[in-house]
Structure formats: structure tokens, C-alpha cells
Amino acid sequence: QLQLVESGGGVVQPGASLLLACATSGFTLAANAIGWYRQAPGKEREAVSCIEATTEGRDSSELKEGRFTTSRDNTKNVVYLQIDNLNPEDTAVYYCAAGRGLARCPLYGIYYWGQGTQVTVSS
């Protein structure tokens, strides 16, 4: 069974950075795309980023999109989301997710979710 476990959230001040981690097991991470999502109270879940499967022989990859940097380390079965210059609007529960055998982004069908890690940005 595929499992995803998020960690790294916390309470930080505006302008700080956080590195969230998604530890995976039960599948070959290198062959699967992983998406990051977040959900604030009273709002629907929204997509943050998605990192695609790596090519054969490549152990890592990275995608930078503004303040968000998504990366993977297949040797450790971990996907990361670094958020720089956090602001209060980033406050949410952050989730990682995977499809069933999906190698590319976006994830059009999500079968597996982590339990989430809370990010709170306040002054």
C-alpha cells in the first residue's frame, strides 16, 4: 500500500521559510508524480505544485515556481516543498498526493493523500 506522510509544518512569522517533507512508501517514487495541495479553514483544497516522475537513472529533480520550490530525493523516497517569504495567506494544512501510476503533472486522478501538516503564519 502506498503511504504518504507529511511533516515540517509549524508556526512561523511572516517572511520566514519552511521546508515541508512528504515521506513515501509502498511504491517506486521515481516513477510517480507527486502533488502538493493546501486547504485553509472554510476554503476548498487548492493545488500548490506538482513534480513529475524522474527519468531513468536520475535520483532527484527540482521545480521552482516563485516562492515555492518542489524537489524530490528518490534515494530517500521523499518529496519536499520549500516555501520562502511566507505570508499569512499561506496559512493552511498542506498535503501531498499521488495518483495510481501517474508519472506526469497535473494529477488528474488522486488516489492517495497524506494526513497533512499545518502551516501557520502569524505575527
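Our subject is the structure that appears above.
A brief look at the structure comes next. Predicted model, so just to flag it, every value in this text is computed and none were measured.

Quick word on the packing of aromatic side chains
Counted according to the given criterion, the structure contains two aromatic pairs. With a centroid separation of 5.1 Å and 65° between ring planes, the pair formed by Tyr 37 and Trp 113 is classed as edge-to-face. Separated by 76 residues along the polypeptide, Tyr 37 in strand β4 (residues 34-39) and Trp 113 in strand β10 (residues 112-113) bring together distant segments of the chain. On the numbers, 6.3 Å between centres and 90° between planes, the contact of Tyr 95 with Trp 113 is edge-to-face.

Focus on the state of the cysteines
In total, this model carries two disulfides according to the counting rule given. Disulfide pairing is shown between Cys 22 and Cys 96; the S-S distance is 2.1 Å. Between Cys 22 and Cys 96 the disulfide shows an S-S torsion of about 75°. By sign, it is right-handed. Of this pair, Cys 22 sits in strand β3 (residues 18-25) while Cys 96 is found in strand β9 (residues 92-98), placing the two residues 74 residues apart along the sequence. With respect to burial, Cys 22 and Cys 96 carry one shared label: buried. Two residues, Cys 50 and Cys 105, share a disulfide whose sulfurs are 2.0 Å apart. Handedness here is read from the sign of the S-S torsion; for Cys 50 and Cys 105, about -80°, the answer is left-handed. A residue pair is termed long-range when its members are at least 10 positions apart, and Cys 50 in strand β5 (residues 46-51) and Cys 105 in the loop between β9 and β10 qualify at 55 residues. Sequential numbering of the bridged cysteines in the chain gives the disulfide pattern 1-3, 2-4.

Here's the deal with the environment of Gly 26
The residue Gly 26 is located in the loop between β3 and β4 in this model. What makes Gly 26 exposed here is its relative accessible area of 58%. For the pair formed by Gly 26 and Pro 106, sequence separation is 80 residues and the distance between their alpha carbons is 21 Å. When near neighbours in sequence (up to four residues on either side) are disregarded, Gly 26 contacts Gln 1 and Leu 2.

Digging into the side chain of Thr 24
As for its placement among the helices and strands, Thr 24 is situated in strand β3. Sequence-distant contacts of Thr 24, defined by excluding residues within four places in its chain, comprise Gln 3, Leu 4, Leu 29 and Asn 77.

Focus on the pairing of β5
Note that β4 and β5 share five bridges and pair antiparallel. Along β5, the bridge assignment pairs Trp 36 with Ser 49. Between the antiparallel neighbours β4 and β5 lie six residues, among them Gly 42 with a positive phi of about 80°.

Structural notes on the pairing of β3
Bridging between strand β1 (residues 3-7) and β3 involves five bridges; their strand directions are antiparallel. Considered in β3, the bridge of Leu 4 is made with Thr 24.

Parameters at a glance
Residues numbered from 1 in each chain as written. Predicted model: local features only at pLDDT ≥ 70, side-chain atom pairs only at ≥ 80, totals over all residues. Heavy atoms only, no water. Phe/Tyr/Trp six-rings, centres within 6.5 Å; stacked < 30°, edge-to-face > 60°. Helix = DSSP H or I, 4+ residues; strand = E, 2+ residues; numbered from the N terminus. Disulfide = S-S within 2.5 Å. Buried < 20%, exposed > 50% of the residue type's maximum accessible area, 1.4 Å probe, protein only. Contact = heavy atoms within 4.5 Å. Pairing = 2+ DSSP bridges.

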